Each structure stands twice: as structure tokens, then as C-alpha cells.
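Each chain is listed here by its residues.
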Amino acid sequence: VLWATALLCFVPDGQRIVIMGIDFAFLRILALGLCIRVFMRKEISPLRILPMDFVVLLFAVWPLMAGISRGTSIPLVRLLGYGADLLLIYLAGRALIRNADDVRHLARGLVFISIPVLFAFTIEKVTGRNFFSIFGGVSSITAVREGKVRVQGAFSHPILAGVWWSAVLPLFLVLIWDPRKTNDRMLGWLGVVSCILLVIMSASSTPLVGLGVALLGALVFPYRRYLRPAWI
């Protein structure tokens, strides 16, 4: 999972293979590769079905159902592909990340991934040029809105770049609040600082809101036992 995550951060999704009209984007190829590994090693067999599985399934099929019922300008095949990507990635994650130690291992690795990404984002912020464009799929000229450079790196859009790192931040908080090794807390703080800087450089409001939601979720996490009364 860690190597796959690193590839997603450094290889633009514009890399793709088209076979008889079927589009295999880089993310889809990666998801298929992970799932093939899961089934070949029989890592799927010990999994039990959880309520969250049905929530993810609903998210995957809902755009297709909505497109069929009310019509959409997006081809149904593309909506089906989006849903399949989500399910494949979720299945691989469920099979390969099983316990708290796996989460900590992923968090530690993401800290080291965030450093070169931060370096690349800083260069793009200063120069206004995205050197990931040499791989295709992203523009060589960084977008500017209201005078602010919207850094995106290898991600297909600045919003996606910022949202990704705002979603990663809670993993670094795990290293800070529940360290198993002496250097985990230091790595966690390094990851948090990197995430905040990466989100700011995306210059998008959605990632900032996502960052706020991540921090809010972390603050209320100690009170998770009261979640049922809170919902009521």
C-alpha cells in the first residue's frame, strides 16, 4: 500500500492505456494490480463484512443510478468506471491495512513521502511551473486564481492535491498521540507541518475545510464512546 501511495503522489493520473475504447488510467491500473495481489495471496478470505462496506458500495453505485434515472452529460461507462475504481481501491485497502500497526507503518511512510512532495510543491509555488508535466496529464503552467498560485504537483487538480493531504493528516496525529517508538512523535509533527503547508499551497478552500474537519474529528475522537447519544 505504501509503494502504491507513493506512486499516486509522484505519477500523474494522465498516464493511461486505452484498449478497444476501454480506458485504463494509471489509478485504475494500480487498483487492479493491488486487487490481483490480494486475491493471489488469498488476503481477502479473512475479511468480514462491515457496515462501512455498504456505505462505500452506495457511494460507488449512486452516481451511476442517478445518471440512469435523470440523465447526465457524463457517459454511463465512465460513471461505471469511477465506481469500479472506488470499490477496487477500497477492497485493496481493507485487505492490506488490517490493524493499528499497519496504520502506523503507513503513517510513518507517508511522512517520508510528504517531504519530497513538499519540496516539489515549493518549487512549483515559486516558479509557477509544474515539472510533473513531463509525464503528461498535468499542465506545465500552474494555474493562478485571484493572484494565488494553485499548486497541484502530480495530482490532476489543486483541490484534489489539497484534499488528499488534509485527509492524510489524522494518520500523523496517530503517531503523535499514541507513539510506539521514540521517534514516532517527531515524525508525526513533521507530517502535520508538511500537510498544513501542502494544503495552503493548493490555494483552494475545499482542502482548507477538509483540514478543519480532520482537526475537528481528531479533537472529538476521545469522546467517540458518546457517538450514539450525539447522533440521537
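Note: the structure precedes this text.
Asks: I'd like a description of the side chain of E124, backed by residues and values.
Replies: With respect to the secondary-structure elements, E124 resides in helix α5 (residues 100-127). K125 provides the closest opposite charge to the buried, salt-bridge-free E124, at an N-O distance of 9.3 Å. A polar side-chain atom of E124 sits 3.0 Å from the main-chain amide nitrogen of G153.

Asks: Tell me about a nonpolar patch on the surface, and name the residues and values.
Replies: On the surface, I49, F54, L57, L58, V61, W62, M65 and L87 cluster together into a nonpolar patch covering about 800 Å² of accessible area. For the nonpolar patch, the element with the highest residue contribution is helix α3 (residues 51-70), accounting for six residues. Looking at where F54 falls in the secondary structure, it is placed in helix α3.

Asks: Now, about the nonpolar core: what can you tell me, with residues and values included?
Replies: Counting 30 residues, the largest nonpolar core has I113, V117, F121, W165, L169, F172 and L198 as its most contacted members. Listed by contribution, the elements that provide at least two residues to this core are α1 (2-10), α5, α6 (158-177), α7 (184-202) and α8 (205-220). Ignoring any residue separated from it by four or fewer positions in sequence, one finds F121 in contact with V151, Q152, G153, F155, A161, L198 and M201.

Asks: Can you explain the environment of V209? Please cite residues and give values.
Replies: Mapping V209 onto the fold places it in helix α8. Along the backbone, V209 and L88 are 121 residues apart, and their C-alpha atoms lie at a distance of 27 Å.

Criteria and cut-off values
- Residues numbered from 1 in each chain as written.
- Predicted model: local features only at pLDDT ≥ 70, side-chain atom pairs only at ≥ 80, totals over all residues.
- Heavy atoms only, no water.
- Helix = DSSP H or I, 4+ residues; strand = E, 2+ residues; numbered from the N terminus.
- Buried < 20%, exposed > 50% of the residue type's maximum accessible area, 1.4 Å probe, protein only.
- Lys, Arg positive; Asp, Glu negative; His and termini not counted.
- Salt bridge = Lys/Arg side-chain N within 4 Å of Asp/Glu carboxyl O.
- Polar contact = N/O pair within 3.5 Å; in protein donor to acceptor, adjacent residues only side chain to side chain.
- Patch = residues over 30% accessible without salt bridge, like charges linked within 9 Å, V, L, I, M, F, W, Y side chains within 5 Å.
- Areas by Shrake-Rupley, 256 points an atom, 1.4 Å probe, with all protein chains shown as cover.
- Core = buried A, V, L, I, M, F, W, Y, C linked by side-chain atoms within 4.5 Å.
- Contact = heavy atoms within 4.5 Å.

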